[in-house]
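Each chain, written out:
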Amino acid sequence: MYSNKAVQAWVEEMAKLTKPDQIVWLDGSEEEKARLINECLADEELIELDQQKLPGCYYHWTHVNDVARVEHLTFICTSKKEDAGPTNNWMSPTEAYDKLGKLFDGSMKGRTMYVIPYLMGPVGSLFSKVGIEITDSRYVVLNMRIMTKIGKVAMDQLGDSTDFVKGLHSKGELDPEKRYICHFPEDNTIWSIGSGYGGNALLGKKCFSLRIASYMGKQEGWMAEHMLILGIEDPKGNVSYIAAAFPSACGKTNLAMLVPPETFKGYKVWTVGDDIAWLRIGEDGRLWAVNPEAGFFGVAPGTSMKSNPNALLTVQKNTIFTNVVLTEDKTVWWEGMGVEPPKKGYDWKGNPWTPESPEKGAHPNSRFTAPASQCPSVSPEWQNSKGVPISAIVFGGRRAKVAPLVYQSFNWEHGVFVGATMASETTAAATGAVGVVRRDPMAMLPFCGYNMGDYFSHWLEMGKKIPNPPAIFNVNWFRTDEKGKFIWPGFGDNLRVLKWILSRCENKVDAVETPIGYLPKVEDIDLSGIENEVSKSVLEGLLSIDKDSWSEEIKDQASWLEKFDRLPKEVKSQYDALVQRLGL
Ligand code: OXD
Ligand code: MN
């Protein structure tokens, strides 16, 4: 129990509603962790993995109908519908408190209520914020323990203040018909019921650090973004930082932990964050960023020693694996791990599985939850309370034809337009049609806690306030040839593109001015060591702008922008200027 009166009063009120058998206040200690793990093992909520091979690692199955974020059940509950905007589901706060209040009523009967104070961001930092999550799930507690800093450290930062985000979570009945993830940005409150899956239940992550925090950022003059943060150290030891936004499933975690190509002697990539960035204007007039999280909640399938050795090394200890293949000898496996599958095991539904089974063993959205501090590439600055200074902001998505490998926006305002019209094409990995263009502005479509038109205005406002703003770029690692094969090798070779981006930030290279932005001169992308795979003419192709595709693209952009009744005029004029430059 902590002395903060506002926290106590709110917990009491929530206990009256949910009626738990007992209340446990978490302190974040090792003893508490050991006790919770033992309880989970006894109830088979966790399965102990081979402690020789994977020390401190455990396995968890979610309910089979509860394996991903549920965007159609996620609501922004502002008093006025217009304030949630055209891209969010909206429910009035009165209706939401009433509807969910009925579901929460008695939902913790026979269960323990855990009260988790947690800190997002470095200890003692101006950037950092405190949340309290109430939950009836020990799995949530153990995950929050990895993803945030829980217990006393958070309460010490909060002191007597009433400035905390109130998060109420209950598994409820795990019934998709009674599942809601509601955000009340005007009340600093999140209510989530009916799901135990990370993205819906770990309230510090998407719910607080993006949806509620984006709203706070708009009020308070900072930004909460769906961005990885990485540092690039050059052979002289200078480190420059990049923040990059990509829609889900575009390789953010891989890019954040990139291993430089062999020919890049003396280069090193440092990981500050893989998913979320909080950005503020620093005293020096630059934009500075922290990663509010303390761990990685990464997608397991596809993670291999080739695609992301640093992630694979991170998850060798103290990690919770969810919905991957559990092997017979109590280790884990997933598709795309780059090693032989086990002869026998259990799939993500808990059914016996062999490599001959017709279905995939790991769920495509199966996850690892691992402490960031264990990552071999974690930046020495990742807990710096001042954050790190950002030289470049990078947007990107999967585009088979339209977007070139990289281009730079003309200025901040143009960069905001590039972000606002960002898109990704659906892949065969997801259900539904392949190659369908989905607009996902700044990769924030499912995560913006208010009207997205106002969010674009906030970006424009910030641009006016930052004396020395980062340059804004767009990248596309996913261009394909006529046979649908990726042309650019990707992974570690993406550093070649980031190197050009930093050279531009340092005014070391000039570029070609095109209708869509500044493109690299072919000779300015370092192809050392991959000349056979990517010849100069292949690179020319990757940097070309196809008029027919752009003619389609601008039509699609126009209908996208029409959705926004609060579209800032600057975004519209950037669109008009693009059309004019393209001569279409
Ligand atoms: C995530 C996502 O889980 O963006 O990080 O979907
Ligand atoms: Mn994400």
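Per chain, the residues get numbers from 1 upward, laid out in the order the sequence is written. Whichever chain is written first is A, and whichever ligand is written first is 1; the rest continue in order. Side-chain atom pairs in this predicted model are given and counted only at pLDDT of 80 or more, local residue features only at pLDDT of at least 70, and totals for whole chains, interfaces and linings cover all residues. As a rule here, side-chain values cover all heavy atoms of the structure and leave hydrogens and water aside.

### Quick word on the pattern of salt bridges
Worth spelling out the cut-off: Whenever a carboxyl oxygen of Asp or Glu lies within 4 Å of a side-chain nitrogen of Lys or Arg, that contact is scored as a salt bridge. The way it works is that DSSP assigns letters per residue, a run of H or I at least four long becomes a helix, a run of E at least two long becomes a strand, and they are numbered from the N terminus. A simple rule labels every residue: compare its accessible area, found with a 1.4 Å probe on the protein chains alone, to the largest value its type can have, and call it buried under 20%, exposed over 50%, or partly exposed in between.
Taken as a whole, this structure holds 34 salt bridges when the rule is applied. Between Glu95 and Lys99 there is a salt bridge, and its shortest N-O distance comes to 4.0 Å. In this pair, Glu95 and Lys99 both sit in helix H3 (residues 93-104), four residues apart, roughly one turn of the helix. On the accessibility criterion, Glu95 (40% relative accessible area) is partly exposed. Across the pair Arg399 and Glu425 runs a salt bridge whose closest N-O atoms are separated by 2.9 Å. One end of the pair, Arg399, is in the loop between strand E25 (388-396) and strand E26 (406-408); the other, Glu425, is in strand E27 (residues 423-425), with 26 residues separating them in the sequence. When sorted by exposure, Arg399 lands in the same class as Glu425, which is buried. Among the charged side chains, a network of salt bridges with common partners joins Lys205, Lys206, Lys252, Asp275 and Glu293.

### Observations concerning the domain arrangement of the protein
By a widespread convention, an interface's size corresponds to the accessible area lost as its parts come together. Note the following rule: Segmentation into domains, and thus their bounds, comes from an automatic or database assignment. Here, residues are in contact when the closest pair of their heavy atoms is within 4.5 Å. The term buried area denotes the loss of accessible surface (1.4 Å probe radius) that occurs when two parts are joined, taken as the sum for both partners.
Assigned domains of the protein: these are domain 1 (5-46 + 69-220), domain 2 (225-293 + 380-582) and domain 3 (295-374). On a C-alpha basis, the centroid separation for the pair domain 1 and domain 3 is 27 Å. Every contact between the two is made by twelve residues of domain 1 and, on the other side, eleven residues of domain 3. Overall, the association of domain 1 and domain 3 removes approximately 880 Å² of surface from exposure, summing both partners, and the carbon and sulfur fraction of that is 65%.

### Observations concerning unusual backbone geometry
At Leu174, a residue that is not glycine, the phi angle is positive and equals roughly 50°. Here Leu174 shows up in the loop between strand E9 (164-170) and strand E10 (180-184). Positive phi, close to 50°, is recorded for Met442, a residue that is not glycine. Looking at the secondary structure, you find Met442 in the loop between strand E28 (437-439) and helix H11 (452-465).

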